[in-house]
Amino acid sequence: MAIDSVNTVNATSNSSVNQQDFLRILLTQLNSQNPLKPMDNTAFVAQLAQFSQLEQTQQMLSGINQLVSVQTATQTVALLGKTVSLLNNNAYTTGVVSNVSFSGTTPTLSVKPAAGADINNIERKQILDVK
């Protein structure tokens, strides 16, 4: 069959199949098909529809990931000035959130405990309670 002549895409690589790649694959299938037994047109239409749906799903997933990042940042900034309880180095600590910083899309907190030095680089998942 014509599909055998097309190289497969490595799923673990960083490259992804875009619409241009898909059209090249489709043209290769058309050029390689048996002229006496051509592929049914509905198969091509079905492939186009599946690729279109996959592309839309990927765009939607990208949008959802961006929304989650924004929501995480908003929730973290809302902790400024609040008293939190956290687990840091297997020790239970309570303090006031004094600073929020971002490394890429990951927010980190600085907490000022009642006694002692500030605790830096606290992730949201380390926060146990907000008062």
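Looking at an unreviewed UniProt entry, the protein chain carries the name Basal-body rod modification protein FlgD, with the source organism given as Massilia aquatica. UniProt's Sequence similarities (unreviewed entry) comment on the protein chain is quoted here verbatim: "Belongs to the FlgD family." The UniProt entry for the protein chain carries the following comment under Function (unreviewed entry): "Required for flagellar hook formation. May act as a scaffolding protein."

## A look at the sheet that holds strand β5 (residues 127–130)
Pairing is antiparallel across the open sheet formed by five strands, whose spatial order is β4-β3-β2-β1-β5. Sheet topology places β4 (119–122) and β5 at the edges, where each strand pairs with a single neighbour. Direction aside, neighbouring strands of the sheet carry axes that sit 40° apart on average. Examined bridge by bridge, strand β3 (residues 106–113) and β4 share two bridges and lie antiparallel to one another. Note on β4: the bridge partner recorded for Leu 109 is Ile 122.

## Quick notes on unusual backbone geometry
The phi dihedral of Asn 89 falls on the positive side, at around 55°, and the residue is not glycine. You can see Asn 89 is positioned in the loop between β1 (83–88) and β2 (91–103). By relative accessible area, Asn 89 is classed as exposed at 71%.

## Details of the packing of helix α1 (residues 19–32) against helix α2 (residues 41–77)
Two numbers describe how α1 lies on α2: the axes approach to 11 Å, and their chain directions differ by 165°. What the angle tells us is that α1 and α2 run roughly antiparallel. Seen from above, α1 lies across α2 with right-handed handedness. Packed against α1, whose contacting residues are Gln 19, Phe 22, Leu 23, Leu 26, Gln 29 and Leu 30, the element α2 presents Phe 44, Gln 47, Leu 48, Phe 51 and Glu 55 at the interface. Residues that form the contact of α1 with α2 fall into these classes: seven nonpolar, three polar and one charged.

## Points about a nonpolar patch on the surface
On the surface, a cluster of nonpolar side chains totalling about 280 Å² of accessible area is made up of Met 60, Ile 64 and Val 68. Structurally, the position occupied by Ile 64 is in helix α2.

Criteria and thresholds
Residues numbered from 1 in each chain as written. Predicted model: local features only at pLDDT ≥ 70, side-chain atom pairs only at ≥ 80, totals over all residues. Heavy atoms only, no water. UniProt positions renumbered as here; feature names shortened; annotations may be inferred. Pairing = 2+ DSSP bridges. Helix = DSSP H or I, 4+ residues; strand = E, 2+ residues; numbered from the N terminus. Axes fitted to C-alpha atoms, helices over the stretch in contact; angles between N-to-C directions. Buried < 20%, exposed > 50% of the residue type's maximum accessible area, 1.4 Å probe, protein only. Parallel < 35°, antiparallel > 145°, perpendicular 65-115°, else oblique. Left-handed = near helix turned anticlockwise from the far one by under 90°. Contact = heavy atoms within 4.5 Å. Nonpolar A, V, L, I, M, F, W, Y, C, P; charged D, E, K, R; others polar. Patch = residues over 30% accessible without salt bridge, like charges linked within 9 Å, V, L, I, M, F, W, Y side chains within 5 Å. Areas by Shrake-Rupley, 256 points an atom, 1.4 Å probe, with all protein chains shown as cover. Salt bridge = Lys/Arg side-chain N within 4 Å of Asp/Glu carboxyl O.

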